[in-house]
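Fold and geometry: a report
Below are the chains, spelled out letter by letter.
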Amino acid sequence: DLYARYLDNENIRLDTLLEAHYKNVAKQLGYSVKPAEDFVNGLAYHALNTKQFTKAKYLFKMNVSNYPESANAFDSLGDLYNETGDTANAIKCYKQALANKEIPETRKKLKGLQEKK
């Protein structure tokens, strides 16, 4: 895997590496190219699951920026905020995800957080 050696190094910004790589590819092709949402999401969840919260946040935010209509991108960023105890931002992200598309699992997460308040 191209980025495997960077996954567990907390000091390396994968989002910055991806952005530079895809800008270079876009320049060569002559049109805009973004990293696939699922690919970035997988990297971000790996970072989240290994407690690399800053790395995960940058990657999840990259997906939200690249795919603002994606319910999954906002749901995933909400998962990061939920995991790190930032309930207010988790709720905002889950609400935005649901505004983009109704997802029962997201609705359940949002309800759980709202009931805690």
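The rules behind the values
Residues numbered from 1 in each chain as written. Predicted model: local features only at pLDDT ≥ 70, side-chain atom pairs only at ≥ 80, totals over all residues. Heavy atoms only, no water. Core = buried A, V, L, I, M, F, W, Y, C linked by side-chain atoms within 4.5 Å. Buried < 20%, exposed > 50% of the residue type's maximum accessible area, 1.4 Å probe, protein only. Helix = DSSP H or I, 4+ residues; strand = E, 2+ residues; numbered from the N terminus. Contact = heavy atoms within 4.5 Å. Expected span 1.5 Å × (residues − 1). Arc of directions from axis to C-beta. Axes fitted to C-alpha atoms, helices over the stretch in contact; angles between N-to-C directions. Nonpolar A, V, L, I, M, F, W, Y, C, P; charged D, E, K, R; others polar. 1 Å grid on protein atoms, 1.4 Å probe; cavity = no way out; pocket = protein on both sides within 12 Å on 5 of 7 lines; lining within 4 Å. Points joined across faces, edges and corners; volume = space filled by probe spheres on them. Parallel < 35°, antiparallel > 145°, perpendicular 65-115°, else oblique. Salt bridge = Lys/Arg side-chain N within 4 Å of Asp/Glu carboxyl O.

With that settled, consider the nonpolar core. L18, L59, F60 and L77 are the most contacted members of the largest nonpolar core, which has 29 residues in total. Elements with a contribution of two residues or more to this core: α1 (4–7), α2 (14–29), α3 (37–49), α4 (53–66), α5 (71–83), α6 (87–100) and α7 (104–116). With residues up to four places along the chain from it excluded, the contact list for L59 reads L14, D15, L18, V40, L43 and A44.

The end-to-end C-alpha separation of α6 is 20 Å, in line with the 20 Å expected for 14 residues at 1.5 Å each. Within the sequence span of α6, burial applies to A90, I91, C93, Y94, A97 and L98. The buried side chains of α6 occupy one side of the element, clustering within an arc of 165 degrees when seen end-on. Along α6, the residues that are exposed and aim more than 90 degrees away from the buried face are K92 and A99. Buried residues in α6 make contact with α5 and α7.

Where α2 meets α4, the axes come as close as 8 Å, and the angle between the chain directions of the two elements is 35 degrees. Here α2 contributes L14, D15, L18 and E19 to the contact with α4, which in turn contributes K55, Y58, L59 and M62. Residues that form the contact of α2 with α4 fall into these classes: five nonpolar, no polar and three charged.

Moving on, we get to the layout of surface pockets. Reported here for the largest pocket is a volume of approximately 160 Å³. Lining the largest pocket are E19, Y22, K23, V33, K34, P35, M62, S65 and N66. Mapped by element, the contributors of at least two residues to the lining of the largest pocket are α2 and α4.

So, on to the packing of α3 against α5. Where α3 contacts α5, the two axes come as close as 11 Å, and the packing angle between them is 5 degrees. Relative to α5, the element α3 lies roughly parallel. Between α3 and α5, the contacting residues are E37, N41, Y45 and L48 on the first element and N72, A73, D75, S76, D79, L80 and E83 on the second. Residue composition of the contact of α3 with α5, by class: four nonpolar, three polar and four charged.

Take L43: it is sitting in helix α3. Among the residues examined, L43 registers a relative accessible area of 7% and is labelled buried. Sequence separation of L43 and L14 is 29 residues, and the distance between their C-alpha atoms is 8.5 Å. Setting aside residues no more than four positions away along its own chain, L43 makes contact with L7, L14, L18 and L59.

Glancing now at the pattern of salt bridges. Summed over the entire model, instances satisfying the criterion amount to eight salt bridges. Taking the shortest distance from any N to any O, the salt bridge between D15 and R13 comes out at 2.7 Å. Judged by its relative accessible area of 34%, R13 is partly exposed. The residue D75 makes a salt bridge to K109 at a minimum N-O spacing of 3.0 Å. With D75 in helix α5 and K109 in helix α7, this residue pair connects regions lying 34 residues apart in the sequence. Through salt bridges with shared partners, one network takes in D75, D79, E105 and K109.

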